[in-house]
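Tertiary structure, described
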Amino acid sequence: MDIQMKSYIGLTIHFLEGNKFKSGTLGVHELSTSHTSEHIGESFESVLSQWEINHNQIIAIVTDNGIPEGKILKLILDVKTRLNSLYYMLERFLHLYRIISSILLERSGAPDMITTRELQVFEEVKLLMQPLEDLTNKISGEKFAIISTILPLINCTTNANLHFKDPVRCQRAIDILKQILILKENSENVASTEPHTNNLTANKPSDSFDLWSYHTSVATEQSVYPNLYQIARQKLSIVSTSVPSERLYSKTGQIISKARNRLTGIPGNEKADTLANEAITSISSTSISTLPYQDIKRTINTHTTNMWQKSWDEIPMSNKLKSIKKKVTKWHLQLNIPRRSEVINTRTRIGHTNLTHIHIIKHEEHPLCSQCNVPLSIKHIVLDCPLHVISRIILNQPTSMEDALGEHNTHLIHSFFKNIGIDTKI
């Protein structure tokens, strides 16, 4: 059963314990039904019920948009579902480009190295993306308050003015906060939310003054603004992105894989797994632990190849594929050849081209060679037709289809057909 064809919903929890941010995983449930709000809600309620979490304990729910994921340094690829992956790809390449350049110079078939100007462009793009990388890292954290930083960070990247643009909305925000404080004060019969003189005196800096130590002592003092402190604890524990949930799926993907999941959910596989375990533990089983796995694999591969070759040898040489490739072993093809050359190589080797077989689709007569007046075929063109005698020098004057279209001529086949003017008709 393909794990990638399943859908899951993952739930993480984030809260304050004392003055420290805590995070955890509540569960990952498979969505076997349609992804409607009703079914997702049922899965959500099931998880809450298992953990005995009441609705009034939940401050906010953050969801995603349903978008699916000595030290050795390796190149990094850009992945659309990974935040900042393009930035990290450029950063790693710029860090390793001298080593990459040396490697490319030693490989004759390697692609060209980028120019100095292109390298400068990469540097400029990296500098341009650096603030965005820092921004996404800040809003993706789990160990510090995020919700209060969203608007300032966004405004900082789009506008130098970090304050409310609309004075009316600013005043509304202040009024709402005042109403919350008044309600909380009345419910708890708190006399005043103003700071007490004694507390300020207690927090008065000493002779060895440290600004941040003083700030921390004041900021963590609950009795200075007790009601505001309780409201802040509720609101600041809200995560502003769905990154924690995405991280959960990334970690789960490393645990639940096709290899680990292949024996589950398929009728009969559980029984096969049970019988295999019984065979291993049986006293009558023969131990082959002294035979390395690599030797078994090599023996199986060799035996399979020999059987395949034996079957291929029984096919007569009149077979057009057999006349080109007599061995089933893999060809060592040239790297980085153009796509068009690959198409021409494949079509001419199997003998099916537009030039020689389009008549079948059009329900026409088989085309004839204009020089020899015989049925036109790839074999006739590369071996027999006197019109192309000089051009066959490109293919080293072949005497058989294996000589003409074999592995050693892979890089020359396109050149031959281009020289005789029919490469666009293949």
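Because the structure is predicted, anything quoted here is derived from the model rather than measured. (Residues numbered from 1 in each chain as written. Predicted model: local features only at pLDDT ≥ 70, side-chain atom pairs only at ≥ 80, totals over all residues. Heavy atoms only, no water.)

We now examine the overall build of the chain. Secondary structure summary: the chain contains 17 helices and two strands in total. Burial analysis of the chain (426 residues in total) assigns 24% to the buried set. (Helix = DSSP H or I, 4+ residues; strand = E, 2+ residues; numbered from the N terminus. Buried < 20%, exposed > 50% of the residue type's maximum accessible area, 1.4 Å probe, protein only.)

It is worth spelling out the nonpolar core at this point. Within the largest apolar cluster, 21 residues are counted, with the highest numbers of intra-cluster contacts made by Ile381, Val382, Met401, Leu405, Phe416 and Phe417. Counting residues per element, the ones that place at least two in this core are helix 15 (378–384), helix 16 (401–405) and helix 17 (413–419). Broken down by element, the residue count for this core peaks at four residues, all from helix 15. (Core = buried A, V, L, I, M, F, W, Y, C linked by side-chain atoms within 4.5 Å.)

With that settled, the discussion passes to the confidence of the model for the chain. When pLDDT is averaged along the chain, the result is 75; 70% of the residues meet or exceed 70. At the low end of the mean pLDDT range in the chain sits helix 6 (residues 197–202), at 44; at the high end sits helix 14 (residues 354–362), at 90. Contacts from residues 190–207, a stretch scored under 50 in pLDDT, to residues over four places away or in other chains number 20 contacts. (pLDDT = per-residue confidence, 0-100. Contact = heavy atoms within 4.5 Å.)

Our focus in this paragraph is unusual backbone geometry. Although it is not a glycine, Asn373 sits at a positive phi angle of roughly 60°. Along the polypeptide, Asn373 turns up in the loop between helix 14 and helix 15. Given a relative accessible area of 57%, Asn373 falls into the exposed group. Of note, the phi angle at Gln397 is positive, near 50°, even though the residue is not glycine. Tracing the chain through its elements places Gln397 in the loop between helix 15 and helix 16. The exposure class assigned to Gln397 is partly exposed, which follows from its relative accessible area of 42%.

On to a nonpolar patch on the surface, then. Side chains of Val389, Ile390 and Ile393 sit close together on the surface and give an oily, nonpolar patch of about 310 Å² of accessible area. Position of Ile393 among the secondary structure elements: in the loop between helix 15 and helix 16. A relative accessible area of 53% places Ile393 in the exposed class. (Patch = residues over 30% accessible without salt bridge, like charges linked within 9 Å, V, L, I, M, F, W, Y side chains within 5 Å. Areas by Shrake-Rupley, 256 points an atom, 1.4 Å probe, with all protein chains shown as cover. Salt bridge = Lys/Arg side-chain N within 4 Å of Asp/Glu carboxyl O.)

Quick look at the packing of aromatic side chains now. Within this structure, the stated rule accounts for three aromatic pairs. With centroids separated by 5.7 Å and ring planes inclined at 70°, the aromatic side chains of Tyr87 and Tyr88 adopt a geometry described as edge-to-face. A centroid spacing of 5.2 Å and a plane angle of 75° characterise the contact between Phe416 and Phe417, whose relative ring orientation is edge-to-face. The class for Phe416 is buried, based on a relative accessible area of 0%. Judged by its relative accessible area of 0%, Phe417 falls in the buried class. (Phe/Tyr/Trp six-rings, centres within 6.5 Å; stacked < 30°, edge-to-face > 60°.)

This part is about the side chain of Thr348. Note that Thr348 resides in helix 13 (residues 339–350). Polar contacts involving the side chain of Thr348 include one to the main-chain carbonyl oxygen of Ile344, which spans 2.7 Å. (Polar contact = N/O pair within 3.5 Å; in protein donor to acceptor, adjacent residues only side chain to side chain.)

Here we take up the packing of helix 2 (residues 85–105) against helix 3 (residues 116–139). With their axes 9 Å apart at the nearest point, helix 2 and helix 3 run at an angle of 135° to one another. Judged by the inter-axis angle, helix 2 sits oblique to helix 3. Judged by the twist between their axes, the crossing of helix 2 over helix 3 is left-handed. Taking contact as the criterion, the partners of Leu86, Tyr87, Tyr88, Leu90, Glu91, Phe93, Leu94 and Tyr97 in helix 2 are, on helix 3, Leu119, Phe122, Glu123, Val125, Lys126, Met129, Gln130, Glu133 and Asn137. Grouping the constituent residues of the contact of helix 2 with helix 3 by class yields 11 nonpolar, two polar and four charged. (Axes fitted to C-alpha atoms, helices over the stretch in contact; angles between N-to-C directions. Parallel < 35°, antiparallel > 145°, perpendicular 65-115°, else oblique. Left-handed = near helix turned anticlockwise from the far one by under 90°. Nonpolar A, V, L, I, M, F, W, Y, C, P; charged D, E, K, R; others polar.)

Within the secondary structure, Ser391 sits in the loop between helix 15 and helix 16. Other than its neighbours up to four places away in sequence, Ser391 contacts Phe416, Asn419 and Ile420.

What follows is about the pattern of salt bridges. Close approach of charged atoms allows side chains of opposite charge to pair. In the structure shown here, the tally under the stated rule is two salt bridges. The shortest N-O distance in the salt bridge between Lys326 and Glu402 comes to 3.5 Å. Placement of the pair is Lys326 in the loop between helix 12 (293–313) and helix 13 and Glu402 in helix 16, with a sequence separation of 76 residues. Glu402 sits in the partly exposed class, given a relative accessible area of 29%.

What follows deals with the pairing of strand 2 (residues 20–30). Note: strand 1 (residues 8–17) against strand 2, 10 bridges, orientation antiparallel. Its bridge partner being in strand 2, Leu16 is matched across the sheet by Phe21. Between strand 1 and strand 2, which pair antiparallel in sequence order, lie two residues; one of them, Gly18, sits at a positive phi of approximately 70°. (Pairing = 2+ DSSP bridges.)

Time to look at helix 1 (residues 37–50). Helical geometry note: an α-helix holds 3.6 residues per turn, so side chains three or four residues apart project in the same direction. Taking 1.5 Å per residue, 14 residues should reach 20 Å; helix 1 reaches 20 Å between its end C-alpha atoms and fits that length. Inspection of helix 1 places Ser43, Val47 and Leu48 among the buried residues, and these make up the whole buried set. Projection of helix 1 onto a plane perpendicular to its axis shows the buried side chains occupying an angular sector of 140°, all on one side. Of the residues in helix 1, the exposed ones pointing more than 90 degrees away from the buried face are Glu38 and Ser49. Buried positions along helix 1 lie against strand 1 and strand 2. (Expected span 1.5 Å × (residues − 1). Arc of directions from axis to C-beta.)

Along the chain, Ser101 turns up in helix 2. Taking the relative accessible area as the measure of exposure, Ser101 reaches 23% and is therefore partly exposed. Between the C-alpha atoms of Ser101 and Met113, which are 12 residues apart in sequence, the distance is 6.3 Å.

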